[in-house]
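# Structural description and commentary
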Amino acid sequence: MPLFVGLMSGTSLDGIDAALVEIDSTGSASLLATHAEPMPEALREQLLELCQAERVAFAELASAEDAFCRLQAVAAQHLLEGYLSEGKGIAIGEIAAIGTHGQTIEHAPWGHAEGPAYTLQLDNPSLLAELTGCTVVADFRRRDLAAGGQAAPLAPAFHEALFRRAGQWQLVLNLGGFANLTLLPPAESETEVIGFDTGPANALLDAWHARHRGGRYDPDGAWAASGQVDDTLLERLLAEPFFHRPPPRSTGREVFHLDWLEGHLTGKESPADVQATLAELTATSVALGIEMARELAGAPPASALIPCGGGAHNSDLLGRLARHLPETALVPSSDWGWPADWLEAGAFAWLAWRRLEGLPGNLPSVTGAAGPRVLGGVYAP
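These figures come from a predicted structure and were not determined experimentally.

## Quick look at the overall build of the chain
Helix and strand counts for the chain come out as 13 helices and 13 strands. Rg of the C-alpha trace for the chain: 20 Å, near the compact-globule value of 21 Å for 381 residues, within the 12% margin. With the C-alpha coordinates of the chain rotated into their principal frame, the extents come out at 60 × 50 × 45 Å. With 381 residues in all, the chain has 55% of them scored as buried. Considering only intrachain contacts with a sequence separation of at least 6, the fraction spanning at least 24 residues in the chain is 68%. For the chain, the computed accessible surface area is about 15500 Å², with 51% contributed by carbon and sulfur atoms. Across the chain, the mean location of the 23 positive side-chain charges is 3 Å away from that of the 47 negative side-chain charges.

## A closer look at the packing of helix α8 (residues 231–238) against helix α10 (residues 271–297)
Each pair of packed helices can be summarised by the angle the axes make with each other and by the distance between the axes. Following both chains from N to C, one finds α8 and α10 inclined at 50 degrees, their axes separated by 10 Å at the closest point. Judged on the interaxial angle alone, α10 and α8 are oblique. In the crossing of α8 with α10, the sense of the turn from one axis to the other is right-handed. When α8 is examined against α10, the residues L233, L234, L237 and L238 are found in contact with a partner set consisting of V274, T277, L278, E280, L281, T284 and L288. Residues belonging to the contact of α8 with α10 are distributed by class as follows: 8 nonpolar, 2 polar and 1 charged.

## Examining the nonpolar core
By size, the foremost hydrophobic cluster in this structure holds 36 residues, and its most contacted members are L7, L20, L47, I95 and I98. Counting residues per element, this core draws most heavily on helix α2 (residues 58–85), which supplies 11 residues. Apart from the residues within four sequence positions on either side, L47 is in contact with L13, M39, A64, F68, Q103, I105 and L122.

## Focus: the side chain of D206
Residue position: D206 is located in helix α6 (residues 202–213). This buried residue, D206, is left without a salt bridge; R44 holds the nearest opposite charge, at 5.5 Å. Leave out the neighbours within four places in its chain, and D206 touches S12, R216, Y217 and D218.

## Description of unusual backbone geometry
The step from A152 to P153 runs through a cis peptide bond, and the omega angle for that step is -15 degrees. Relative to the assigned elements, P153 resides in the loop between α4 (141–146) and α5 (155–163). Residue P248 is reached from P247 by a cis peptide bond, and omega for that bond is 10 degrees. Within the fold, P248 resides in the loop between α8 and α9 (258–262). The phi dihedral of D139 falls on the positive side, at around 60 degrees, and the residue is not glycine. Within the secondary structure, D139 sits in the loop between β7 (136–138) and α4. On the accessibility criterion, D139 (32% relative accessible area) is partly exposed. We note that D220 has phi near 60 degrees; this positive angle belongs to a residue other than glycine.

Analysis parameters
Residues numbered from 1 in each chain as written. Predicted model: local features only at pLDDT ≥ 70, side-chain atom pairs only at ≥ 80, totals over all residues. Heavy atoms only, no water. Helix = DSSP H or I, 4+ residues; strand = E, 2+ residues; numbered from the N terminus. Rg over C-alpha atoms; globule rule 2.2 N^0.38 Å. Buried < 20%, exposed > 50% of the residue type's maximum accessible area, 1.4 Å probe, protein only. Contact = heavy atoms within 4.5 Å. Areas by Shrake-Rupley, 256 points an atom, 1.4 Å probe, with all protein chains shown as cover. Lys, Arg positive; Asp, Glu negative; His and termini not counted. Charge placed at Lys NZ, Arg CZ, Asp CG, Glu CD. Axes fitted to C-alpha atoms, helices over the stretch in contact; angles between N-to-C directions. Parallel < 35°, antiparallel > 145°, perpendicular 65-115°, else oblique. Left-handed = near helix turned anticlockwise from the far one by under 90°. Nonpolar A, V, L, I, M, F, W, Y, C, P; charged D, E, K, R; others polar. Core = buried A, V, L, I, M, F, W, Y, C linked by side-chain atoms within 4.5 Å. Salt bridge = Lys/Arg side-chain N within 4 Å of Asp/Glu carboxyl O.

Next up, the structure:
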């Protein structure tokens, strides 16, 4: 069966996830090997600055893109070397394609100041093909955007392939820098899959923790658990129009960043209480999103919610979600045969397979595109 590599660097900017995936002719995917390539601090800081910059020189973009692309090549190399070290021989020529998401710098599906919609991911698939000797599939988002869609989220199509089952309503929740939700109807239902971004997940939690405690994240949500939710602050944060916008919808650092948060603070709040409030903001906005999705689908409470992404390891955040969703069991994605940390990288391996097969990669019911579209461009080695 064909082998694909998926590369994903999310909005948390903690590194590049690389997944080796075997995909059969029906699109059934099996995870064979994984590797997490850490993001060098200098590159991470450069990318974060680009995400928030009002004006950027082309040379700076090119420099960051080149460094990021070379790190992707290292991630792919280390992935395959690790697989070889397990005694499983594989040649680079056996890889059908590398599917790369690139690094999102700005995502503006509604445009700005009456300008056109756009989404910008730093990537250089031509260079990646040269560095690895593999066919590369990239630029997955802009085709959906051109068809009137949000270009995000794209993972729900993969969630459907992995997790949709007969007789069950299920939820898949990716808790990366931002949270996106997938509502999966029973396999026998004609109801379409619903998916959209619910708001910030780790992005604000990580940034606030870094400012006050250092480090890239709040391990297990311990600092958030030590604080008290500021209900008045939470109410101000939830007044953000995005939380009440009907899907299709997607978001990113363009809306939710530390300056946005500080605009809602009085300056008298305890930093730990702000962290607790940010955790509760994530849980509450997810619960609001789930209720919105259920109303759209006419669905009962889901039997299971499958958390994935880095937030799936945050017991404080999972506890808050469980309290909001008393009728829904939180079920580890590993119980379904796929580890929580590798769904997004796996999704882009799977989307690369879809592209080579000439099959659509988007779900119009999720992105709002005019119809199914084949996503991505192919770059031969």
